[in-house]
Amino acid sequence: ACGNKNDGANGGNASASGSASPSSSAASSPTASGSSAAASDDVASLKGKNIALLMRLNTGTFSAQYVDGVKKQIEKFGGKVTVITADDKLDVMASNLDAAVTQHYDGILLDHGDDGALSTGVQKALAANIPVVAFDSNISAAGVTNIAQNDQKMAEQTLEALASDAGGKGNIVKIWVAGFPPMESRQIAYKAFQEKYPDIKEIAAFGTADGPQLDAQTKMEAILKQYPEKGSITAVWAAWDEFAKGAANAIKQAGRDEIKVYGIDLSDEDLGMIQDTTSPWVASAAVDPASIGQVQVRYLYQKIHGDTTPATVELDSVYVNRDSLPADKKVTTADLSQYVKGWGASDEGSTDYLTALEQAVAGQ
Amino acid sequence: MNHKISQFSFKYGALIFIALVLVFFSLYNEYFFTYSNLMDILRSISILTFVAIGVTISLTVDGFDLSVGSTVSLTTVTTATMMIWYQMPLVLVIVVPLVIGALVGLLNAFLIVKVRIPDLLATLAVMYIVSGIHKTYTKGYSVYNNMQFQDGTKAPGVMNPHFLWIGQGKLLGVPFPVILMIVAVIGAHIFFKYTRQGRQTTMTGGNEEAARLSGVRVKRIRTWAYVASGVFAAIGGILYTARVGSGQIDAGAPMLMDSVAAVFVGYSVFGAGRPNIIGTFVGAVLTGVLINGLTMLHVQYYTTDIIKGAVLVLALAVTFIHLSRKKT
Amino acid sequence: MNHKISQFSFKYGALIFIALVLVFFSLYNEYFFTYSNLMDILRSISILTFVAIGVTISLTVDGFDLSVGSTVSLTTVTTATMMIWYQMPLVLVIVVPLVIGALVGLLNAFLIVKVRIPDLLATLAVMYIVSGIHKTYTKGYSVYNNMQFQDGTKAPGVMNPHFLWIGQGKLLGVPFPVILMIVAVIGAHIFFKYTRQGRQTTMTGGNEEAARLSGVRVKRIRTWAYVASGVFAAIGGILYTARVGSGQIDAGAPMLMDSVAAVFVGYSVFGAGRPNIIGTFVGAVLTGVLINGLTMLHVQYYTTDIIKGAVLVLALAVTFIHLSRKKT
Amino acid sequence: MAGIGKSFSGVRALQGVDFTVAGGEVHALLGANGAGKSTLMKILSGAYETDEGEIRINGERLDIRSPSDAKRAGIHCVYQEVDTSLIAHLSVAENIMLDRLASPKGSAWLRWGNLHREAGEALARVGSRIPTRKRADELTLAEKQIVLLARLLVEEAKFVILDEPTAPLSLEEAERLFGIMNGLKKAGIGIVFISHRLPEVTRVSDRITVMRDGRVVLSEPAAGMQAGDIVRAMLGRSFEEEFPKTDAPIGDTLLEVKGLTAGHRVKGVDLTVREGEVVAVVGLVGAGKTELSRLLFGADPADQGEVALEGRKVASAAPADAVRSGIVLVPEERRKEGIFVGSSVLHNLSLPILKSLARFSFISGPGERRHAEDMIGRLGIKTPSPGQLTGFLSGGNQQKVAIGKWMSTDAKVFLFDEPTKGVDVGAKRDIFRIIGELARQGKGIVYLTCEFAEALGLADRILVMCDGRIVKQFARGEATQEDLLLYASAGREDLK
Ligand SMILES: Nc1ncnc2c1ncn2[C@@H]1O[C@H](COP(=O)(O)OP(=O)(O)OP(=O)(O)O)[C@@H](O)[C@H]1O
Ligand SMILES: Nc1ncnc2c1ncn2[C@@H]1O[C@H](COP(=O)(O)OP(=O)(O)OP(=O)(O)O)[C@@H](O)[C@H]1O
Ligand SMILES: [Mg+2]
Ligand SMILES: [Mg+2]
């Protein structure tokens, strides 16, 4: 039942309209391509697509919100999405990609893939006329659009905030783990930060991907005991919100309210903690996970439509701190845009025909 | 003389080793051997200890419960959702996970005792099932105060502060989870050492057929052992939620190997060569001490693994070289 | 008659089950039963199969190698760093990891055979050590083409394309890892069934004392079994690197449980009730088929775990209900 | 073998043992339990390494460090513990050809056809028709023993050691074994034969060596040796194999069994036991005695039949039910079923009576210790302390522990399954004494054995079992050994 229905329609139609769509840039898009009948034809052909979302890992709230973004956008376009996760096994992800190609999905979304592991599969997909849009995967194959959050920038935003709050000096704790590309990008910014602020000393560094939150909590407790005087630790920089949660818990429970935590990534859960005035976690930088998903889907549909899309789309991150949030009301990532400029509700990647498609689906 | 030294090292080797480690860390860092740091260490191992006691019990009846990690995960999200999604009263929030732990134990026992699937195989299968159930239940989400659902609505509840106290509060200056842990360790030790059912459990593990022919109801004993294992894992799950203040997905997965390692270190305590509660506790303490002390030494987390492994080898080598020498 | 049916279901139950699953998926989705999809499935399980063969060998001598997962991780990063950091020739890139696998096996064997630490305990300790070593070696970083070091310089090398071909290339239209896997399965099966050393290995696992008294050099046999287990894990690691084109940290960690599950499903093939190579292969195929097929059914990823666990229970239940009935 | 010495963790099992076997002779090695017979032979066959002394063949010094060294020198052994020598899940053929498969010589490849053929031929030579494709764990104990004998025949042995081979065999099968031994002897092969059955020993062997406490005390040609001399040498004192039957008043009916049936092994057994009565159930090996005792005890499920104790039906879903109603069993395989080798004597003895030792489920430590010491004294268990691991006791003392654990229960019926199997005469007499004492206390005893002499000496009533049925009943003094043998095997003839 799945996959076969639209199979024939896809190839021919998409390539036909492909010649008609010249533009590459994001928001501005080709509008009128012939008569309105042709346009509605266009729209009709985009309905009922089967999309595969291949994820390397699907745990934690960030992933869940990202998947939501993808799902909602595809539903708005009248399509269907299958989420296939690899449980952090890159070889399984490669196999899943192969399977998705064999099963003739109409489009493939990748999340946190890896060029080395996926390039063969991606080539196969492209050869089979299946468009691919990747998020945080650095796929090098021509014809793939890479959506990326600017990891270095997120790190810079939080680190700069940390430096200015601390007055350019102090003792900090770094919680970070190697082994994941985004983490390693964040580390580059951290390196630069250390050179820029020689008076800010790293007194401890730890972190593991294996049970990150509880481990960070336990180890933070040890560090707090090692530096028991108030003021001996200025701040904690956590390169991942899972770490930030653990560190914040430890500090809060130890009553060391002078220590501030700066994290990266933002989920509803994290927002709650940042808003909580008793929590030491004061700021984070992130891209809205849901809008990452939405933007990724839009570019995929552009590709299905036959448009040429840019090779990379970098989503700007937003810095969020407690002061910018209201004190009287719980904020979630969905309504964060009311308080923080540049958050969410991005219409990046949207085009007129996609809007028309949304309306057509909604009208049904 | 020589024999006596080896006998001594065999019995007290593990304890002496811990003492040396403690002395080393204390000399290295003045803050290590403080009351509050030691309490931190004990608190940090309280969850692990509960899970490890469960594993010890299953090993005592010559079984092996691989499903404890996923039981921790399941009970963690259950506890959190009961407060955050359904705003249930505290009693239920604590009782229901315990019942769930017992049910997982019953499932294990059913497969092992009735269907007669070997323990490792049965509990591995249950591990997958329980792990799948807990993710399906929350659709892969972690559960936190006022979390937002996919349909845009918000969860009505927050974590009960009394509940959080279980994981974070103190009683007479001692963290409550530490008190719970000590009570559990002493209780379980007394149970195995001084009670009838405890003795029957140990004997069943020693030779099931002989126990059966001695009139021990071995099926019942093995069943309760797996149920106990599940319940202890559930307590671990409850403590986990209370400690981190939210219901994390897959929280228990890393607990399996860590608790097994603690139990195995425990084999060498007092030269038992067998699972035993005090040994398990010592193993957990050693784990906690190493993590805390090595963090203070700024040793990278990955080096900790090597040290953990080496300590395990050392402890086991002393015990088993000795035990095998005794045999021949 | 009734007896015959039960006998039949017992022997061929697992195979029939797989056949039914295949038929079901084929009917449900036209792309499922195509040459390229089936090849995809086989390729997806090739790494798992190698690791699982290693586990099977260790289980055959009545041991249990928990360190295979970390051996995969260690050899994966070794392979990658040899190309990317040191630009070594292809031969070395393949031989060195194999040697490392053998060394890990020797360490296990030493602890188990010489020091006489029980197998689960020894291999758990080695698991921690090896896992720590591989992370310490790359400081926790994954290793990829021209990776950047912490001091800002870049790694000089990239993955050798011939090497990548091992994991991604095809020979006569068949993915090369699939060919390797088939050769390994057939080879290992023949070894255990038709060679003297293979039989000696089986005997040692069946009754070590009897084998020893018959003149089998059981220590040597058990040593080679752990070495073989390490080498097969190393092959898994090499294939992993070749498949994903980089050296991922902790790549092998999830392999342990998956391969153990495959081996355990294999217990039920032909009603063996014991580790056997063909069964292991069937178990791996079943894993691959389920993962591939269930994604086509739009089954949520977390539900897959439940199904995997349920299948495992089912397969084991049929076998062991039957086996235990036979005994009494 | 000259000057052989061996210690186990400080305890001397053998010292200064000289032992010689000539080609073409049957050399019987005798001794009480724990005399060191098996240990000596294990050293000869390479299962243990010797601490001191040397082994020579034809005057040439031989260094035996492993079983394969011994096999290379042509020394083969059938060990006392049959199950330790078989691989349960492999076929009969492979088990027979095990040594061949284990040797490093020969082709690396296996030819299954040849394997089955040769195994089949070896079985034919011992006159057995066990299918070679059957799995070893599906065999009966006697069949397993035969497989081990067949294993000997496929090897080119110069010396063969048979450690209590006749223990699990029926008389008929034992006779066949003696035939095979005769054949080997004619082929110039030296045979060491260990047995506790003195009559057969004096009949088949050429030379007899007796060991006591790890030393050789007697070594003479068999011809002209009297059983009494041998026993005296074994025990270091004169001893008549006596059965101290103590008269106990026989009271009301305790146990009543009707139509007990399970599979092919036990078919419609009726049985009554009265207070103070010793009822012996005799039969050849494989007659179904062990199975009967297990059914009575609820250890195996019965298909049909009823067991009643003092008129009340006994629920027999599990042994625990039987124990609660007052039936207890001393099982045949003590190490596997009777005792906990890894636990102390103390814990072994107290397990069934924990309830009475415990208050609010807490076990009274002093009470437990007092009970153990009392029991050790009453039964004469030789152990350095109650805390000693039971596995370190000698066989006879282990058996006493297996019996002793039931002594303080208020059990009314005691089932003994071959309690004297592999037990030396001294310990045997202790066991008989204990049984007599129990009878005097008004307990009912069911004594299942294949040693007819024991039954004749001990029992008030003897039931003969054959092929799962009770075929004949004798009152005390009515039967002779010959009668018992007749009925025990006649039933079997009928069925053939
Ligand atoms: N592996 C062992 N470890 C410790 N002691 C042992 C071991 N094997 C034998 N012994 C001891 O050595 C002594 C001789 O035992 P052995 O088995 O040779 O006696 P045996 O003459 O064969 O007796 P049986 O008639 O019961 O077979 C006994 O005291 C026994 O307990
Ligand atoms: N596990 C088993 N599998 C197959 N056959 C068995 C098994 N146990 C016993 N038998 C066979 O069942 C029959 C009755 O056995 P049982 O052990 O009750 O006989 P027995 O008279 O007690 O002999 P023994 O002197 O060996 O104890 C025999 O033929 C025996 O070999
Ligand atoms: Mg003996
Ligand atoms: Mg019997």
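Conventions we followed
Residues numbered from 1 in each chain as written. Chains lettered and ligands numbered in written order. Predicted model: local features only at pLDDT ≥ 70, side-chain atom pairs only at ≥ 80, totals over all residues. Heavy atoms only, no water. Helix = DSSP H or I, 4+ residues; strand = E, 2+ residues; numbered from the N terminus. Rg over C-alpha atoms; globule rule 2.2 N^0.38 Å. Contact = heavy atoms within 4.5 Å. Areas by Shrake-Rupley, 256 points an atom, 1.4 Å probe, with all protein chains shown as cover. Lys, Arg positive; Asp, Glu negative; His and termini not counted. Charge placed at Lys NZ, Arg CZ, Asp CG, Glu CD. Domains from an automatic or database assignment. Least-squares fit on C-alpha atoms with pLDDT ≥ 70 in both. Pairing = 2+ DSSP bridges. Near = heavy atom within 4 Å. Polar contact = N/O pair within 3.5 Å; in protein donor to acceptor, adjacent residues only side chain to side chain. Expected span 1.5 Å × (residues − 1). Buried < 20%, exposed > 50% of the residue type's maximum accessible area, 1.4 Å probe, protein only. Salt bridge = Lys/Arg side-chain N within 4 Å of Asp/Glu carboxyl O. Donors = N, O, S within 2.8 Å, 3.2 Å for Na, K, Ca; no water. Buried area = accessible area lost by both parts, 1.4 Å probe. Core = buried A, V, L, I, M, F, W, Y, C linked by side-chain atoms within 4.5 Å. Axes fitted to C-alpha atoms, helices over the stretch in contact; angles between N-to-C directions. Phe/Tyr/Trp six-rings, centres within 6.5 Å; stacked < 30°, edge-to-face > 60°. Lys NZ or Arg CZ within 6 Å of the ring centre and 35° of its normal. Nonpolar A, V, L, I, M, F, W, Y, C, P; charged D, E, K, R; others polar.

Thoughts on the overall build of chain D
Counting secondary structure elements, chain D contains 19 helices and 22 strands. Here the C-alpha atoms of chain D give a radius of gyration of 24 Å, agreeing with the 23 Å that 2.2 N^0.38 yields for 496 residues. A principal-axis box enclosing the C-alpha atoms of chain D has dimensions of 70 × 50 × 50 Å. Sequence separation of at least 24 residues holds for 66% of the intrachain contacts in chain D that already meet a minimum separation of 6. For chain D, the accessible area works out to roughly 20,800 Å², and carbon and sulfur atoms hold 48% of it. The centroid of the 65 positive side-chain charges in chain D is displaced by 3 Å from the centroid of its 66 negative side-chain charges.

A few points about the domain arrangement of chain D
Size of an interface, as often reported, equals the accessible area lost when the parts are brought together. With domains assigned, chain D is organised as domain 1 (2-238) and domain 2 (253-489). In this structure, domain 1 of chain D and domain 2 of chain D have C-alpha centres spaced 31 Å apart.

Some details on the relation of the copies chain B and chain C
Between the two copies of the chain lies a relationship made up of a rotation around an axis and a movement along it. Once turned by 180 degrees and shifted 0.1 Å along the axis, chain B lies on chain C with an RMSD of 0.2 Å. On the angle and the small slide along the axis, the relation comes out as a two-fold axis. A symmetric contact is evident, with 100% of the interface residues of chain B recurring at the interface of chain C.

What to know about the pairing of strand β14 (residues 304-309) of chain D
Residues and elements named next belong to chain D. Taken together, the five bridges between strand β11 (residues 253-262) and β14 define a ladder with antiparallel strand orientation. The partner of E256 across the bridge, within β14, is A308. The pairing of β14 with strand β15 (residues 312-313) spans two bridges and is antiparallel. Along β15, the bridge assignment pairs L309 with R312. Between the antiparallel neighbours β14 and β15 lie two residues, among them E310 with a positive phi of about 50 degrees.

So, the site of ligand 2
All names here are of chain D. Not every one of the 12 residues close to ligand 2 is listed here, only the nearest: R265, K289, T290, E291 and E332. Here G288 contributes a backbone N or O atom positioned 3.0 Å from an oxygen atom of ligand 2. Contacts to ligand 2 include K289, whose side-chain N or O atom sits 2.8 Å from an oxygen atom. When the free accessible area of ligand 2 is taken as 620 Å², the share hidden by the protein chains comes to 70%.

A short note on helix α4 (residues 90-102) of chain A
Residues and elements named next belong to chain A. Relative to the 18 Å expected for 13 residues at 1.5 Å per residue, α4 spans 19 Å between its end C-alpha atoms, a close match to the ideal helical length. Where burial is concerned, most of α4 is hidden: 13 out of the 13 residues are buried. The positive-phi residue at the C-terminal boundary of α4 is H104, with phi of around 55 degrees.

A few points about the side chain of K71 of chain D
Mapped onto the elements of the fold, K71 of chain D is located in helix α2 (residues 67-72). Here the side chain of K71 of chain D touches L213 of chain C through a polar contact of 2.6 Å, landing on its backbone oxygen. Ignoring any residue separated from it by four or fewer positions in sequence, one finds K71 of chain D in contact with L213, S214 and G215 of chain C together with H76 and D99 of chain D.

What about the pattern of salt bridges?
In this structure the tally under the stated criterion is 57 salt bridges over all chains. Residue K252 of chain A is joined to D276 of chain A by a salt bridge in which the shortest nitrogen-to-oxygen separation is 3.4 Å. Residue K252 of chain A is found in helix α9 (residues 241-254), and its partner D276 of chain A is found in the loop between α10 (268-275) and β10 (281-286); the two are separated by 24 residues along the sequence. What makes K252 of chain A partly exposed here is its relative accessible area of 42%. R294 of chain D serves as the salt-bridge partner of D300 of chain D, at 2.8 Å between the closest nitrogen and oxygen. Since its relative accessible area comes to 13%, R294 of chain D is described here as buried. Salt bridges sharing partners connect three or more residues here, namely D98 and K124 of chain A together with D40, R43 and R243 of chain C.

Regarding the coordination of the magnesium ion (ligand 4)
Protein coordination at the magnesium ion (ligand 4): the donors are T290 of chain D (OG1) and E332 of chain D (OE), at 1.7 to 2.4 Å from the metal. Of the two residues, T290 of chain D is situated in helix α10 (residues 289-297) and E332 of chain D in the loop between β16 (327-330) and α12 (334-338); the sequence distance between them amounts to 42 residues.

A few points about the arrangement of the chains
Between all five pairs of chains that are in contact, chains B and C come out with the most contacts. A gap remains between chain A and chain D, with no contact made and the closest C-alpha atoms lying 37 Å from each other.

A word on the interface of chain A and chain B
Counting residues at the interface gives 39 residues for chain A, matched by 32 residues for chain B. Across the interface of chain A and chain B, roughly 3,100 Å² is buried in total on both sides, 50% from carbon and sulfur atoms. It is L214, K225 and Q226 of chain A that lose the most area in chain A upon contact with chain B, and together they represent 20% of the buried surface on that side. At the boundary of chain A and chain B, one finds three salt bridges. One salt bridge connects K225 of chain A with D40 of chain B, and the closest N-O pair in it is separated by 2.4 Å.

Here's the deal with the nonpolar core
Counting residues in each nonpolar core, the largest one holds 368 residues, and the members touching the most others are L110 of chain A together with F264 of chain C. A domain split of this core shows at least three residues from each of domain 1 (2-238) and domain 2 (253-489) of chain D. Judged by nonpolar contacts, the second largest core, of 76 residues, contains L292, V345, M407 and F414 of chain D.

Observations concerning the sheet that holds strand β10 (residues 215-221) of chain D
All names here are of chain D. In spatial order, the strands read β6-β7-β8-β3-β9-β10; together these six strands make up an open sheet with mixed pairing. Strands with a single pairing partner mark the edges of an open sheet, and in this sheet they are β6 (75-78) and β10. In this sheet, adjacent strand axes meet at a mean angle of 20 degrees when their direction is disregarded. Bridge count between strand β7 (residues 159-163) and strand β8 (residues 190-194): five bridges; the pairing is parallel.

Digging into the packing of aromatic side chains
Within the structure shown, the criterion is met by 34 aromatic pairs over all chains. When the centroid spacing of 6.5 Å and the interplanar angle of 75 degrees are considered together, the rings of F64 of chain C and F264 of chain C count as edge-to-face. With F64 of chain C in the loop between α2 (35-60) and α3 (68-84) and F264 of chain C in helix α11 (residues 253-267), this residue pair connects regions lying 200 residues apart in the sequence. Of the two residues, F64 of chain C and F264 of chain C, neither departs from the other in class, the shared state being buried. Put simply, the rings of Y190, F193, Y197 and W237 of chain A pair up and form one aromatic cluster. Seen from the ring of W112 of chain D, K193 of chain C lies directly overhead, with NZ or CZ sitting 5.6 Å from the centre. Note that K472 of chain D overlies the ring of F474 of chain D, its terminal NZ or CZ placed 5.6 Å from the centroid.

A word on the interface of chain B and chain C
Facing the 42 residues of chain B at the interface are 42 residues of chain C. When the buried surface of chain B facing chain C is broken down by residue, Y128, M257 and Y302 of chain B rank first, second and third, together holding 18% of it. At the boundary of chain B and chain C, one finds two salt bridges. For D305 of chain C, the salt bridge is made with K135 of chain B, and the minimal N-O distance between the two is 3.6 Å. Inspection of the chain B/chain C interface yields six residue pairs in polar contact (both at pLDDT 80 or more). In terms of residue class, the side of chain B that touches chain C is made up of 29 nonpolar, seven polar and six charged.

Considering the environment of K42 of chain D
Position of K42 of chain D relative to the elements: it lies in helix α1 (residues 37-44). In contact with K42 of chain D, other than residues within four places in its own chain, are A47, Y48, Y79 and E81 of chain D.

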